[in-house]
Structure formats: C-alpha cells, structure tokens
Amino acid sequence: MLEKLIYIILLCGFLAGCSERKEQEKVIAPWGEVVDSVTYGDDFDLEQIQGSGEMILLTLSGPEFYYDYHGRPLGTQYLLAEKFAQELGVRLRVELCRDSAEMVARLQADEGDIMASTEVGRLVASPGKGHLDSELKRWYKPSMLDEVRRQEARLLSHSSVKRRVFSPMLDRKSGVISHYDALFMQYCRSIRWDWRLMAAQCYQESTFDPKATSWAGAKGLMQIMPTTADLLGLPRDQMYDPEPNIAAAARYLGQLEQKFSDIHDRRERTNFILAAYNGGIHHIRDAMVLCERDGHNPHQWTAVSEYVLKLSQPSYYNDPIVKSGYMRGTETVDYVAKINERWQSYRHVRTPRQGFTQEPRRAKRSADKYKL
C-alpha cells in the first residue's frame, strides 16, 4: 500500500513538473512570434522511437511483470508491451527496476519510453511523449489482458513442446536405453559423467526425439537454445542432428562443472549443474546466496532447492541480494528430481569395459536415420 502511494505521489509530481516546464520553456522566434519550446522528452516521441527501431520498457521482476523463462521473456505486463511494440514495428528492450519509485524516476529522466503500471493490465507512457501516449491509449483494449494471460498459460504448458514420445527404455532385456547410447558414452568421457545420467537427462528434455522443439526455440535431443548453440559452436543447421546436439550439450555440462567448482562433492555438484541447465545459473546462484544468508549449507541441493522454490515469492525475489529476480522454481526442482529418479532406473544398465557393446554400436548406426 505504501509503495503504491509513493508511486502515485511521484507520478503526480512528474506530471506537475512537466506542466511547469512547458509553461517556463518559451522562446521568442527571430520573427517575434512566441512559441513553446520542446518540452522534456518531446524530442524522442513516437516518430523517433519508430525511427530508432527500439522501445524501452521499465518494469519490475515478477510473474505479473517480467521474468526470464528458459531464455524467453514472460510476464503479463511484458507480453502486453511486446504486443504494443509489434504494433509499432519496433523491438522491445527491458530495463528492470527495483521498485515503483525507481520506475517513475527513470521514466522522468527519460531512461525509458513506457513503464509497467502497478495496476496490472496497464502500461504508462511518459507525459512528455504525447504521440506515444495517444497511440498507446488508442491501441489498448481491456480484453488484451485475458488474451496475454491465456498466451502465457499456453506457453508454460507441456503441450507447447512439439515432440514424439518414445519409450524410456528401448530394449530392457538387452540393456539398451536409447538409439543414442553410443553417443552418450562417447561424449560423457571428456566430462567424466555417467552416460546413463545424460541419457536420463535427454529423456527428460526430449523423450529421445531428435526433432523436438520447444515454443522458446530449444531444439533437438538436449533442447539447446539457438543462442546457446552459438556460444557452444553448434551450427544452427545442425541443431536437430543427434551427434552434434549431444556433443554440444556435453560441452555445456562441462562448462557448468567449472562454474560450480566450488561445490566439491561431485554428487551434489551434479544436482546444481542439472538445475542450472534447466533454470539458469544466475537463478541457482541467487538461491545459494539466500540459503547461505539464512545459515544453511549453500552447497547442499536439498537446502538450496528450498530457496529455488522461494524465488517465486516477492519477499525473496525482491530481496536486494537477489540479482536475477523471479523464477518458476517448481519446474527446476521437479526437473532435477525426475532425472535422478530415472537415472536410478538406468543404473542396472552396464557400461562395457572396452569399447561399446554390440547394442550401442547398432544403436549408433540406427541414430543416423534420425538426422535431418
């Protein structure tokens, strides 16, 4: 309530200040006619925003405002702003603020073009941008709020991942988990991972479908995002190819091993790596910091996972020590648990002592037919 009151007071002060500046800022033209000078912000109104190709949104972290989900920005206010940006034909850039007071102050300083209102379903344009404000009011319809909420719910559902569902065990009698066992064995050597663990992770990601695609753009067996593929040296035209996809995922897992090298217990570190693969390393580090602050062991997954869950609560994701804001922690905790559970069911599958067994060799040749 206090934050909302501060927001209203600051916004009223902003409006009054703009009005006062407009009265004071007058000049005499050479021909003697009195004209109003350009008021604060008028030099970058709608036409200039469209000319630059970018509109800046000032917003907060949270499910109703903005958050990152597997590399895809979401949040009710963000989705509204994204639709408005599409209407204008510009890209949308997000600037996160700590609270409403900071949003108003930065809008007043012309550090943004629009801001998310604390009244969900409304976007606010700077009073100095009259044409942008008029266009926003013309464009917005109350029905859009329900529309973007349905859109978000659809994106967050499992139906948004296009994949065929294969059996979690290709041939239980022969001890063959998938068509890609030989590839898991090959690429897990360099990172010293149990190949059966990577197989369990792969099933969680794509159910062994090399053509799996998520709404966020993740592709292939290990559901690698295009931007991540670029960093890993995986050509985008090979993202559906099983071997390059698995090889790139192994490189990424190896990088995460280094990122969590402060966790000395290998089994514990594996849990953190899986969590970061799913939820992002920065969110996991936020949870670790909160865990340590409260006197718990930040290198123990059972302790840290509680704070991964708490990062969906405002009192935690708005804490000053949290750097990456809100996250949907339930999905990440569930992800780690399901992979561990499936890994245990795969543990009876023996790793050949020398080379690959006949089944994985045959499986590797079979994998070729799945290449696009």
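Engineer: Can you help me understand empty space enclosed by the protein in this one?
Structural biologist: Vacant regions in the atomic arrangement are exposed by a probe of water-molecule size rolled over the atoms. If you walk through the whole model with that rule in mind, you get 1 cavity of 30 Å³ or more. Of the voids in this model, the largest cavity is the one considered here, and its volume is about 100 Å³. If you go around the largest cavity, the residues you meet are Tyr67, Asp68, Tyr69, His70, Asn278, Gly279, His283, Met327, Arg328, Glu331 and Thr332. The element best represented in the lining of the largest cavity is strand β4 (residues 67-69), accounting for 3 residues.

Engineer: How should I be thinking about the sheet that holds strand β8 (residues 123-125) in this particular structure?
Structural biologist: Strands in a sheet are paired, the pairing made by backbone hydrogen bonds, and the direction either parallel or antiparallel. Pairing is mixed in the open sheet, where 4 strands are placed in the order β6-β3-β7-β8. Each edge of the open sheet carries a strand with a single partner, namely β6 (91-96) and β8. Strand-to-strand twist of the sheet, defined as the mean angle between neighbouring strand axes without regard to direction, takes the value 30 degrees. Where strand β7 (residues 114-116) and β8 come together, 3 bridges link them in antiparallel fashion. By the bridge assignment for β8, Met115 is matched with Val124. Running at roughly 155 degrees to β8, helix α5 (residues 130-139) makes contact with β3 (54-59), β7 and β8 of the sheet.

Engineer: Just checking my understanding: could you explain unusual backbone geometry for this structure?
Structural biologist: The phi torsion of most residues other than glycine is negative, and most of the peptide bonds are trans. In this structure, Arg192 is a non-glycine residue whose phi angle is positive, near 60 degrees. When you line up the elements, Arg192 lands in the loop between α7 (181-188) and α8 (195-206). Overall, Arg192 belongs to the exposed group, its relative accessible area being 69%. In the Ramachandran plot, Phe208 falls in the positive-phi region, its phi being about 65 degrees despite a non-glycine side chain. Following the sequence through the fold, Phe208 ends up in the loop between α8 and α9 (226-232).

Cut-offs applied
- Residues numbered from 1 in each chain as written.
- Predicted model: local features only at pLDDT ≥ 70, side-chain atom pairs only at ≥ 80, totals over all residues.
- Heavy atoms only, no water.
- 1 Å grid on protein atoms, 1.4 Å probe; cavity = no way out; pocket = protein on both sides within 12 Å on 5 of 7 lines; lining within 4 Å.
- Points joined across faces, edges and corners; volume = space filled by probe spheres on them.
- Helix = DSSP H or I, 4+ residues; strand = E, 2+ residues; numbered from the N terminus.
- Pairing = 2+ DSSP bridges.
- Axes fitted to C-alpha atoms, helices over the stretch in contact; angles between N-to-C directions.
- Contact = heavy atoms within 4.5 Å.
- Buried < 20%, exposed > 50% of the residue type's maximum accessible area, 1.4 Å probe, protein only.

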